[in-house]
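Working through the structure, step by step
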Amino acid sequence: MSSMLRATRCIGHSASGRLLRPCDATCRPLARYVSTHPTSHSASPLSRSVQGFVVGAISALALGYYVQNKSPVYLDGANVVHGDNTLPKRTPKTTKDRSLPEPPSPSQYASREEIQQAIAELRKALPREGAVDTNPDVVQTYGHSDNSYHPTSPHSVVVRPRSTDDVVKVVNIARKFRVPIVPYSGATSLEGHFSGLSTGDICLDMSGMDQIIEIHEDDGDLVCQSGVQWETINQTLKDKGIPLFFPLDPGPGATIGGMIGTGCSGTNAVRYGTAKGEWFLNIARPFHISRVIELTDVQTAVLPNGKVIKTRRRARKSAAGFDTTKLFIGAEGTLGIVTEATLRLAPVIPTKVAMAQFPDVERAVGAVQEILNSPHGPHLQCVELLDDNMMAAINTAGEVSRNLPVSDTLFFKIQGDEAAITATARAVQEAVRRHGSTNFEFAQTDEEASELWESRKYALISTLGSVPGARCWTTDVCVPPSRLPQLVYETKKDLVEQKLQSTIVGHVGDGNFHALLLFKDDKELEVVTDAVHRLVERAIRLDGTCTGEHGVGVGKKEYLVQELGEDTVELMRTIKRAIDPLNIMNPSKLYPNPPEPKKRDD
């Protein structure tokens, strides 16, 4: 046993992480142990089995000891190396500062001269006109969002790929020169996901990869590139007479790549769930020429090492290994570039829209919980809460042809055949009446129903239109549905005390709500910033999350340790380091800044 313990202390002491041969001076105890227990042809099979088990155990213990006592293992897909355990200095809170925080260890990235060399190689690799753009106005616009107030910086260059092969070329050049890559597509992010880096970066505009490649109606799925918008997918299916649709419905203009990156959802979440369900069957597949459109070399997810992977086949379910598709959902472009995905579709089911007003949010949420937990719950496709301020904003903005009652309002989308809709509508009407509803009505026509629902989807436009000259900070949180009334009540009370104008829109069926806070100048912006911090901390205190569907980006990363715990966040960092050891994939997003090392007491 003493020989075994000595062996565990000496295997693998190479600085490069490679196992040393037993003849190395530091590994002689293992050599000595093996030499004193030679394998003999005359030995019994049992003794040889025991001998093999002991030697294997020695190796396992040695490797385990080494991993536990050395720095983390980094995997880049080709090599296994060890880091130096150096932690970068912590940057200030992102949403409190007006300047963009430096990425971890900015000195590891390309110099200005090296960035120019990388741009020159990009122009050679993608000679197509407009593929590589360094126009100052363009790089500034691509790094900025009018709907986000987090720190930002212009990109160094914008690159517009048309195929997975183009993306591989960009990634290889970025890795060669150590230039960070910031993915960009629909530009609907509200948390600074596509903000540029002050050290310089390549903005990879995926919006040109917007083709639907294959539609498998019999299987209920389709294959598309990551730059296609979800509305385009549903309109294409409708135009082709295919009675299927993709049910994830975030903000207008969102693309599949961004929806995967942020783990999005939308108004349909109460019935169909979120991106973290099974709506993305895979984000890579072997390519076959499609009857819909012919493309060449479309393969999908590109890792930081330039390799193209598939996460699983197109089967509806699989028990082959752990679910690597989920690894990229919610990763916000920090693990690789998604170029293609297979989406699961749902059948189009007839729907009707109903509306009910309440004296307060608590009664509205109580009615929803009762209905969802009843046999009629599965027939509710959407349940949306619009507070009294939001209803007033809709009236002011003229989004509907008639003024709606100004009170806390629920919008229901009921789905099913005629009998199911009738029965569910009756149950909804009775439930809201029991919970104090002051008014209940169905949309009389499909046109009216469509108009009512579209007013919900354009809540931001309505809110901005309600106060001329104002700007709007939009944020979201999510709590268990039973905690939503308390969260909304405390938040509205806080906003009134701060004299802030705001509206609230909630996916009340799953406890997710959005606060839209208006301001006119930098002084009010500071008040809004503080209010957002209090809102997030309030949600986490109620066993909720800092973001239900917007994602983390720059704006919410400081809350992840508070929400998930340091060990869970460190697991996320470990996965990031393993896949992207150079940290070139959308750095400074998602992962909280590591804590500062504790100082020793003198």
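Quick notes on the rules
- Here the residue index of a chain counts from 1 through its sequence in written order.
- Selection of residues for local features in this predicted model requires a pLDDT of at least 70, selection of side-chain atom pairs for listing and counting requires 80 or more, and totals for whole chains, interfaces and linings are taken over all residues.
- Hydrogen atoms and water are omitted, and side-chain values are computed over all heavy atoms in the structure.
- UniProt positions are given in the numbering used here, feature names are shortened, and annotations may be inferred rather than shown by experiment.
- Strands are labelled as partners when DSSP assigns at least two bridges between them.
- Starting at the N terminus, helices and strands are each numbered in turn, a helix being any DSSP run of H or I of at least four residues and a strand any DSSP run of E of at least two.
- Here an angle of 0 to 180 degrees is reported between the N-to-C directions of two axes, which are lines fitted to C-alpha atoms, with helices fitted over the stretch in contact.
- A contact between two residues is defined here by any heavy atoms of the two lying within 4.5 Å.
- Relative accessible area decides the class of each residue, using a 1.4 Å probe on protein chains only: under 20% of the type maximum gives buried, over 50% gives exposed, and in between gives partly exposed.
- Pairs of N or O atoms are called polar contacts if they sit within 3.5 Å, as long as, within protein, a hydrogen donor faces a hydrogen acceptor (for residues adjacent in sequence, only side-chain-to-side-chain pairs).
- Stacked, tilted and edge-to-face pairs are distinguished by plane angle, under 30 degrees for stacked and over 60 for edge-to-face with tilted covering the rest, among Phe, Tyr and Trp rings (Trp via its six-membered ring) whose centres lie within 6.5 Å.
- To sort the angles, those under 35 degrees are grouped as roughly parallel, those over 145 as roughly antiparallel, those from 65 to 115 as roughly perpendicular, and the leftovers as oblique.
- What makes a crossing left-handed is the near helix being turned counterclockwise from the far one by less than a right angle; a clockwise turn instead makes it right-handed.
- All amino acids are sorted into three groups, where Ala, Val, Leu, Ile, Met, Phe, Trp, Tyr, Cys and Pro are nonpolar, Asp, Glu, Lys and Arg are charged, and the leftover types, Gly among them, are polar.
- Here, the term nonpolar core denotes a set of buried Ala, Val, Leu, Ile, Met, Phe, Trp, Tyr and Cys residues that are joined through side-chain atoms within 4.5 Å.
- What fixes the domain bounds is an automatic or database domain assignment.
- It is the directions from the helix axis to the C-beta atoms whose arc is reported.

- Taking an unreviewed UniProt entry as the reference, the chain is identified by name as D-lactate dehydrogenase (cytochrome) belonging to Fibroporia radiculosa.
- For the chain, the Cofactor (unreviewed entry) comment in UniProt is given as "FAD".
- If you open the UniProt record of the chain and go to Subcellular location (unreviewed entry), you find "Mitochondrion".

**Remarks on the sheet that holds strand 7 (residues 212-216)**
- Spatial strand order, 7-8-11-10: 4 strands in an open sheet with antiparallel pairing. Two strands close off the open sheet at either side, each with one partner strand: strand 7 and strand 10 (280-282). Here the average twist between neighbouring strands, direction ignored, is 25 degrees.
- Two strands pair when backbone bridges link them, and strand 10 and strand 11 (residues 340-344) are joined in this way by 2 bridges, in the antiparallel orientation. Directly across from phenylalanine 280, in strand 11, lies its bridge partner leucine 343.
- Its contacts with the sheet put helix 7 (residues 230-239) on strand 7, strand 8 (221-225) and strand 11, and the angle it makes with strand 7 is roughly 50 degrees.

**Considerations on the sheet that holds strand 13 (residues 351-358)**
- In spatial order, the strands read 16-13-15-14-18-19-17; together these 7 strands make up an open sheet with antiparallel pairing. For this open sheet the edge positions go to strand 16 (439-442) and strand 17 (471-478), each flanked by a neighbour on one side alone. Taking each pair of neighbouring strands and ignoring which way they run, the sheet shows an average axis angle of 15 degrees.
- Looking at chain direction, strand 14 (residues 380-386) and strand 15 (residues 408-415) are connected through 6 bridges and run antiparallel. The partner of cysteine 382 across the bridge, within strand 15, is lysine 413.
- Those strands touched by helix 15 (residues 459-466) are strand 17, strand 18 (502-507) and strand 19 (512-519), and its axis lies near 30 degrees from that of strand 19.

**Some points on the pairing of strand 8**
- The buried fraction of strand 8 is high, at 5 of 5 residues.
- Burial of strand 8 is two-sided: the residues Asp221, Val223 and Gln225 facing one way and the residues Leu222 and Cys224 facing the other way are all buried.
- Direction of pairing for strand 7 relative to strand 8: antiparallel, over a ladder of 4 bridges. Residue pairing for strand 8: isoleucine 215 is matched across the bridge by leucine 222.
- Connecting strand 7 to the antiparallel partner strand 8 that follows it, the hairpin turn spans 4 residues, and glycine 220 within it adopts a positive phi of roughly 70 degrees.
- Sheet analysis places strand 8 next to strand 11, joined by 5 bridges and oriented antiparallel. When the bridges of strand 11 are listed, aspartate 221 appears paired with arginine 344.

**Brief notes about the environment of threonine 545**
- Mapped onto the elements of the fold, threonine 545 is located in the loop between helix 17 (522-541) and helix 18 (560-564).
- Exposure remark for threonine 545: the relative accessible area of 17% places this residue in the buried category.
- Here the alpha-carbon distance between threonine 545 and valine 479, two residues 66 residues apart in the chain, equals 6.4 Å.
- Beyond its immediate stretch of four places on either side in the chain, threonine 545 contacts Val477, Cys478, Ala539, Ile540 and Glu563.
- Polar side-chain contacts of threonine 545 include one of 2.7 Å to the side chain of glutamate 563.

**Here we look at the packing of aromatic side chains**
- Within the structure shown, the criterion is met by 8 aromatic pairs.
- Judged by centre distance (5.2 Å) and plane angle (80 degrees), the rings of tyrosine 184 and phenylalanine 194 are edge-to-face. Pair noted here: tyrosine 184 is in strand 5 (residues 181-184) and phenylalanine 194 is in the loop between strand 5 and strand 6 (202-205), with a separation of 10 residues, a long-range link. Both residues of the pair, tyrosine 184 and phenylalanine 194, count as buried.

**Looking at the pairing of strand 11**
- Across the 5 residues of strand 11, 5 count as buried, placing the element largely inside the fold.
- Neither face of strand 11 is left uncovered, since the one carrying Glu340, Thr342 and Arg344 and the one carrying Ala341 and Leu343 both have all their residues buried.

**Section: the side chain of histidine 514**
- The residue histidine 514 is located in strand 19 in this model.
- We classify histidine 514 as buried; its relative accessible area is 7%.
- In terms of polar contacts, histidine 514 uses its side chain to reach the side chain of glutamate 549, at 2.9 Å.
- Among all residues touching histidine 514, those that are not within four sequence positions of it are Arg456, Thr475, Asp476, Thr503, Ile504, Val505, His507, Glu549 and His550.

**Examining the packing of helix 16 (residues 484-497) against helix 17**
- In contact at an axis separation of 11 Å, helix 16 and helix 17 are set at 160 degrees when each is read in the N-to-C sense. What the angle tells us is that helix 16 and helix 17 run roughly antiparallel. Relative to helix 17, helix 16 is oriented so that their crossing is right-handed. Each of Leu487, Glu490, Thr491, Asp494 and Leu495 in helix 16 lies in contact with helix 17, whose residues at this interface are Ala531, Arg534, Leu535, Arg538, Ala539 and Arg541.
- Taken together, the residues of the contact of helix 16 with helix 17 sort by class into 5 nonpolar, 1 polar and 5 charged.

**Focus: the nonpolar core**
- Counting 86 residues, the largest nonpolar core has Ile233, Phe246, Ile256, Phe280 and Phe412 as its most contacted members.
- In terms of residue count, the dominant contributor to this core is helix 17 (8 residues).
- Residue contributions to this core reach at least three from each of two domains, namely domain 2 (212-288 + 296-347) and domain 3 (351-551).
- Those residues in contact with isoleucine 233 that sit more than four places away from it in its chain are Ile212, Leu222, Cys224, Val228, Phe246, Ile256 and Leu343.
- If you look at the next biggest cluster of nonpolar residues, it comprises 28 residues, including Ala118, Ala131, Ile202 and Val302.

**With respect to helix 7**
- Within helix 7, the full set of buried residues consists of Trp230, Ile233, Asn234 and Leu237. Seen from one end, helix 7 has its buried residues packed into an arc of 90 degrees, which puts them on one side.

**Some details on the packing of helix 12 (residues 388-397) against helix 15**
- Where helix 12 meets helix 15, the axes come as close as 8 Å, and the angle between the chain directions of the two elements is 75 degrees. One way to sum up the angle between helix 12 and helix 15 is to call them roughly perpendicular. Listed contacts from helix 15 to Met390, Ala393, Ile394, Thr396 and Ala397 of helix 12 are Ala459, Ser462, Thr463, Gly465 and Ser466.
- For the contact of helix 12 with helix 15, the per-class residue count stands at 5 nonpolar, 5 polar and no charged.

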